[in-house]
Structure formats: C-alpha cells, structure tokens
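If you want the building blocks of each chain, they are given just below.
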Amino acid sequence: MLSASSGVGRGFDHAWVFTRFRAYGGKPCTPGEPPLAFASAGTHWPECDMAQLGQHRPVVTNRCPINDPFMHLRTMKRTLLVLGLSTALAGAATLPATAGTGTPNTATATQWQLMGPNASGGHLAFTPAMPSRVYVLPDRGMRIDRSDDHGLTWQPQAKFGIPNGVGMRLAADPHDPDVLYVAGRVLGSGQGFLLRSDDGARTFHTAVDSPTEISDVVVSPSGRYVFAAGDAGVFVSSDHGLNWQQVPGSPSGATRLALDDHDLFVGTGKGIYLIEDALGNAGPAQKLPTPLDFSVQHLSAQGSVLAASNIFQGAVFSTDHGRNWTQLTGPWGEQDAILYTGLTATGELQVQTVAGAADGSGAKNLWVSRDLGRTWTPKPAATKALDAYTDTGSFPDRPQEQVIAAAAGIYTTSNSVRFQRIGAPDAEVDSLTVSGSALIAGTATAGSYRSTAPLTKNLQQGYQDWGWTGQRTDTIGNQIEALATVPGEKGGVLRTRGGLCMTDCFALERSTDGGATWRTLAQVPGGASFSVAVDPRDTSKIYAASTFPAIGVYASQDGGATFQLHQFPELQGVASVAVDRRVDGGLWIGDVTGLYHSTDSGSTGVKVFDGQVNRVAVDPTDPNHIVVVGDGMIKVSHDGGASFSDATGIPELTYDDVTFAPDGTLFAASRDLSEPGQGVFRSEDGGSHWSNRVSAQLLDPDVHSVLVSPDGHWLFAGTGSGVYRLPLS
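Cut-offs used in this document
Residues numbered from 1 in each chain as written. Predicted model: local features only at pLDDT ≥ 70, side-chain atom pairs only at ≥ 80, totals over all residues. Heavy atoms only, no water. Core = buried A, V, L, I, M, F, W, Y, C linked by side-chain atoms within 4.5 Å. Buried < 20%, exposed > 50% of the residue type's maximum accessible area, 1.4 Å probe, protein only. Helix = DSSP H or I, 4+ residues; strand = E, 2+ residues; numbered from the N terminus. Pairing = 2+ DSSP bridges. Axes fitted to C-alpha atoms, helices over the stretch in contact; angles between N-to-C directions. Salt bridge = Lys/Arg side-chain N within 4 Å of Asp/Glu carboxyl O. Contact = heavy atoms within 4.5 Å. pLDDT = per-residue confidence, 0-100. Phe/Tyr/Trp six-rings, centres within 6.5 Å; stacked < 30°, edge-to-face > 60°.

## Here we look at the nonpolar core
Inference 1: Counting residues in each nonpolar core, the largest one holds 19 residues, and the members touching the most others are Leu432, Leu439, Ala441, Tyr449, Trp466, Phe716 and Val723.
Inference 2: Residue assignment for this core shows that the elements contributing at least two residues are strand 33 (429-435), strand 34 (438-443) and strand 57 (714-719).
Inference 3: The leading source of residues in this core is strand 33, at 3 residues.

## A few points about the pairing of strand 15 (residues 233-237)
Inference 1: Among the 5 residues of strand 15, 5 are classified as buried, and the element is accordingly described as predominantly covered.
Inference 2: Across 5 bridges, strand 14 (residues 226-230) lies against strand 15 in antiparallel orientation. Bridged to alanine 228 within strand 15 is phenylalanine 235.
Inference 3: Here strand 14 folds back onto strand 15, and the loop between the two strands holds 2 residues.

## Thoughts on the sheet that holds strand 11 (residues 192-197)
Inference 1: Here 4 strands make up an open sheet; going across it, the order is 9-10-11-12 and the pairing antiparallel. The open sheet is flanked by strand 9 (165-172) and strand 12 (205-210), the only strands paired with a single partner. Pairwise comparison of adjacent strand axes, ignoring direction, gives a mean angle of 25° for this sheet.

## A look at the pattern of salt bridges
Inference 1: As enumerated under the stated definition, the model contains 25 salt bridges in all.
Inference 2: Among the ionic pairs, arginine 398 bridges to glutamate 401, the shortest N-O distance being 3.6 Å.
Inference 3: The class of arginine 398 is partly exposed, set by a relative accessible area of 35%.
Inference 4: A salt bridge links aspartate 646 to lysine 635; the nearest nitrogen and oxygen atoms lie 2.5 Å apart. Remark: lysine 635 occurs in strand 51 (residues 633-637) and aspartate 646 occurs in strand 52 (residues 645-646); sequence separation between them is 11 residues.
Inference 5: When its relative accessible area of 52% is taken as the criterion, aspartate 646 is described as exposed.
Inference 6: Residue class for lysine 635 comes out buried when judged on its relative accessible area of 14%.
Inference 7: Because the salt bridges share partners, they merge into one network encompassing Arg133, Arg146, Asp148 and Asp178.

## Things to note about the environment of valine 706
Inference 1: Inspection of the secondary structure puts valine 706 in strand 56 (residues 703-708).
Inference 2: By relative accessible area, valine 706 is classed as buried at 4%.
Inference 3: In this structure, the C-alpha to C-alpha distance between valine 706 and valine 658, residues 48 residues apart in sequence, is 6.6 Å.
Inference 4: Non-local contacts of valine 706, meaning those with residues more than four positions away in its chain, are made with Leu432, Asp657, Val658, Thr659, Phe667, Ala668, Ala669, Val680, Leu715 and Phe716.

## Section: the confidence of the model for the protein
Inference 1: Across the protein, pLDDT averages 85, with 84% of residues at or above 70.
Inference 2: Residue range residues 1-82 is modelled with pLDDT below 50. Its contacts to residues more than four positions away, or to other chains, number 252 contacts.
Inference 3: The low-confidence segment residues 89-109, where pLDDT is below 50, has 66 contacts with residues more than four positions distant or belonging to other chains.

## Examining the packing of aromatic side chains
Inference 1: Per the counting criterion, the structure on display carries 12 aromatic pairs.
Inference 2: Considering the side-chain rings of phenylalanine 506 and tyrosine 554, the 5.7 Å spacing of their centres and the 80° angle between planes classify their relative orientation as edge-to-face. Taken together, the residues span a long stretch of sequence, with phenylalanine 506 in strand 39 (residues 505-511) and tyrosine 554 in strand 43 (residues 552-556) at a distance of 48 residues.
Inference 3: On the basis of relative accessibility, which here comes to 5%, the residue tyrosine 554 falls in the buried class.

## So, the sheet that holds strand 24 (residues 326-327)
Inference 1: Ordered by their spatial adjacency, 4 strands build an open sheet running 21-22-23-24, and the pairing between neighbours is antiparallel. Every interior strand has two partners, whereas the edge strands, strand 21 (298-302) and strand 24, have only one.
Inference 2: Both strand 21 and strand 22 (residues 305-310) contribute to a ladder of 5 bridges, which runs antiparallel. Across the sheet, serine 300 pairs through a bridge with alanine 307, a residue of strand 22.

## Here's the deal with unusual backbone geometry
Inference 1: That bond from glycine 116 to proline 117 is cis: its omega, 0°, falls within 30 degrees of zero.
Inference 2: Inspection of the secondary structure puts proline 117 in the loop between strand 4 (113-116) and strand 5 (122-126).
Inference 3: The peptide bond linking glycine 423 to alanine 424 adopts the cis configuration, its omega dihedral lying at -10°.
Inference 4: Within the secondary structure, alanine 424 sits in the loop between strand 32 (420-423) and strand 33.
Inference 5: You will see that histidine 150, though not glycine, has its phi angle at about 60°, which is positive.
Inference 6: Tracing the backbone through its elements, the reader meets histidine 150 in the loop between strand 7 (143-147) and strand 8 (155-159).
Inference 7: On the basis of relative accessible area, histidine 150 is assigned to the buried category, the value being 15%.
Inference 8: Even without being a glycine, histidine 321 presents a positive backbone phi close to 60°.
Inference 9: Mapping histidine 321 onto the fold places it in the loop between strand 23 (314-318) and strand 24.
Inference 10: Residue histidine 321 is classed as partly exposed on the basis of its relative accessible area of 35%.

Okay, here's the thing in structure tokens:
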C-alpha cells in the first residue's frame, strides 16, 4: 500500500492548451504559476527557479533566471501567430455585456456568493449516479467546480489542500456521485498524487503519493477498479480506491488511460500499451504496433473504437478494440497540427486541425465522421466559436448533447454548429470597476467581462455567465491588468491589456459604452501595466503604470490621443499610480522600491518610503488621507504624505489592492504568493487597524482585487477563481 503525503514545487503540463500566460518582464513567476504553460511533442518552455521567487511585481533582478527570456517569449509568440490560436494582437477584443435571464432566485444571501464570470475551460467528469452533475477541473487546476443542474449554476469547492498541488485529470465514480478522483502533480518537486473525495469535491484526502507526477485516472463501470497513470507507471486499486499498488511491468512515462471493456490502454511518451483483462487477471503490458509511434496527448475509447493523437505527429485509431491500428487521415493537410481527437457518446469521431501559416491565417476546422473515418463533415463553426478543445463528454441523461471544454469556457452543442456556454466560473480576476449598472471584471487570460447581475439583489438563472458573443474568446495576450472608470463620463472606462506583440508591449484601451466594446488608444512598449488612473479634475489627463523594460509612467494630456513615457532613475518596476488632487501634475507612484511623490506627472519623483508597493489609494473625500499596500505592509497617512504610519497587527502577507467604500470603510486584498492569502481585510478607523473576519466564509482567500459598489451595498472580491460578492447592507 502506498503512503499519503504532500510536497511543494513547480512543473509543467505536457498539453497544448495554454493554462497560464505571464509575459516575461510582466508579473514574474510565482509559486504555482508558471509564466507559460505551453508544451508540445515533449518540449516545454523553461521553468523559473523557485529560489529566485519572492517578489510579485517585476524588477530586473526578479525576472525568470534563464539565459534570454525575451528570446523564448518571442519564439512563443511566433509559434502562436503561425498556428493562429486565440490571440489578442493590436486590436481590442469585444466581450459580452449582459446578465443572465430566466426564473428569479429570490433567496437573499448574507454570505459570499460566487458571481462568475464563466471564463475557464478545463477537464470534465460525469457520473451515471447523478446524470445532471458535472465536475470540472478548471484550467488553473487548483480546485474543482461542480454543477448539479446541467451547468445552470455552479458550486465552487475549496482548494485541494496540497501546497502547490495542481490537478491534471479527474474521474467520477459511476455508482456514488460524491466520490471523485483527481490526478495531479506538486509543482517543482516532481512528485505526484491521486486525491479522493467522498463528499462531492468539498474535501479531499490523498489516496496515492508518488515520487513522480500522476497525469490521468479512470474508473471501471462497476467503480471497483480505479487506475492512475504517471511517470512511474500505472497504479491500481481493486477495492473502490481504498488500497493501491503499482501494476507490475506497467510502462513508465504513462500520460493517458482508456478502458475498453476489461482492457486498459495506456498512452505513454513512446506509444500505446495494452494491459489485457485489467479488471481481472491482468496480463503483462504489451506495446502496440501503431503506424505512428508518438507521445500520446489524447486517448479515448467508445465501444470498440479507440483514437489517439499528438499535436505535431498525427493521429491513429482502431475499430477492433485496439488490436489493429490505422493512421487517421482526412481532408485536412498532411502537415496540419492535430489539436484534438475524441469520440462522442453517440460514436462520432472528431478531429480538430489547424494549418500553420506565417501570418496566423492557416485553416482551422473540426472534422466529424459518423462512419469510422470513411467520410468527414467539416464543422468550421466549432473552431470559430470555441477554438481548441481540451476535453469533451456528455451528461448521461443527454447523450445527444456534447459538452466541450475549450478556450475560456465549458460549452454544450447538439450539432457542432450552435453552442451555448454553461461554465465554468473559475477565472483569475485582477481588476474590477463599476460603470453605470454593470460590474466589469478584468481576467488574467480571457479579457474583460461585464454584467448587471452582480449589482442586482434578486439573481436570475444563469447569472454566473456574463454573456457570450458566440465567438471564441482570446486567451493569449488578453490579460486585463487594470480598469478605471472615467469620472463624469457616462459609459467611460479605461483598461490596460497585456498584448501579444513581437516585442514587449501593452495596450491602453477605452470604452464609451460601459465596457461592451473597446478601442485601442495606444500600444506602447512595456511588459505590463497594473494600474491606470484618470485625473478627476481634468479627465483628459490619463496615467498608466509601466513595468520592465519601459519602467515609468505613461502620461496623456489629451484624453489618450498621445502618450509620453515619464521616468526617473530610481524606478525599477511601477505597479501603481494614483492622482494627488492637491497639485496639478501630482502623482503617487508605487514602485517595487518604494513610494514616490511627483509634481510633474512622473517626470521626477521624491521617495517617501522604502518597500514593495502594490497599490496606492487616495480617499475620494480627503486627498490628505492616503493608504498604501504592498508586500508585508499597509501604511496610512492623514497629512498628505508628510508622514506614514504602519497598520497595527496585520499578518505578513502580500496585499495587492485596497479601496475606499462610500462611507470611508477600507478593504484590502491579500493574495497567494510566498504565503497563502487570507482573503479581504477590513478597517473602520481609516486604516490603522484591520481584521479579516469579513472573509470567514470566502472560499477562495487568494484575492487579487477588491471593490465596493458606488451605493455601498456590495463588496466584491476578485479572486484567483472568480468574482465573489458580499452584501454590506
């Protein structure tokens, strides 16, 4: 029997889909967050050294310690452009703008509620024991989302509880809907684990602890046998997951599993293996003579048919329970990349392809065969709407309806032509603002979303989906790092977006309709911009913080028609900028080296104090009242910055954001970094004393942004897994 324990570290998933995008020179790598999670054909991008981690905002000495990070970033960008995946380039993405409709839910909540937005794909698990239930392991891999009503509403669950533990695949028990298994790895250590939940993903315990990662798990139709695949080989339990042992002679480097009747097929880094009668008297693992010998990225079985593929090396399939294999060919080009292969509950064979092109215009398509690959029907609407598939499945009581995990969402379709997004609300929300009756949320990978539902007391069904345009959501180069409402301008909003350029850049964009549509004001050099501010006295003056390599403050005096970079030598990575309303051109500049005050729009500055500053907030009713948060600190001034005092009794955490409520109450966000975040902190005495009692029921204490509605009724927390709200009155 194997032991149960946990570890720490970091690593990468050998998968095509980007699960993270942190531009080198933007926010640096943090524990559990690789700057890029891209790998194909066994090749991945360099990891960052954990020993170098320790600062959230970028500085030259804190960037990923590889020989030439910008070379790797530019190579990645060229690859994306050639394949033409979901990238946001110089143009601004137009994103949905409406709240859900349907039957009102008149129950009034007095605790935190997950509001959405649905903006994450991932991996899926269904169970015949509760046909309307679906489990989703989101792209971030940090927890499980669950819906018990075919995706109409989602119940967030707590994180796995393993430091730096990231799930890779999941499987549900066919007879007990509350039993769930999650295969995963501990980032950085090389260790792996298999978790089991007996309460519908609310809590987990470790079933298997492996010195190497575990990447997949399957459950037999009876629920008695459970198999887990990893670098060390295949593990098996024959007593409903209670006791485990390694299958003798099983192949190492196992990446994918598929059960066909009593036989187990194992995809590895060097081909496909068969373990006959795995549910009884298991035979030795046999390497199958497939036409293509590749590292298996996708492996699926349905009836007597199996299909396997690798993005750059092609696909194979079998129609006789895996005894004979044929190379899978079709109307697509011989050199096309195979993004996905799979089998639906109704027996359709699906292949998603993309042709490489220097300008990203290569043909993309989903091909569907109902006669085992003899004829194919193109479904171009699927790739146009969803982009690359990650996983597919079906609700047991709706076999004709396919559920698809893809870019920025979970979707359903019955014909691969028309789609509906049903989940999953697990996006990292780095910025928040309110425009009119809508809340706008800026996500780390999928642009900005807006909805009127979060400001509504009586929620409608589907409120966690903030609307969908029916077009694929850009998930690369579409990190919304900052949002700001333009004072006095109806529908006026600004945002900064980490763009995907051939050099390091970010875009400053403007909306005049409350975040429904956007236009680019400027695309400027810089790794990222985590703060944008508008002078309330003269809204033609706009300021945006800029990090490495263009360190400083971009300033516009003409409403964004032109921008000029202001900088001075002391700055090493500007994270926040706030207007000092007492002085024309007055700015508070939060840098990784400390807080600075400028009276000439950032051309020069005087250091006020040392420390890594993440956010500066000025009291909207009193410009002499300033609150500054950062790494391990909250500081307060009541005399216009002449002096600052430290807040009393706060934990040593990373505080990423701070905001004033209309009544003067302060709220600060603490996020995961060197220490786990502890949610939202509250101060009722101007910032001298703080408590996080308000976060007692907040499921995700990794809070990146915080905001109070203009009427003071709602507190919003943008977390690593969506927007939560709490009624304040």
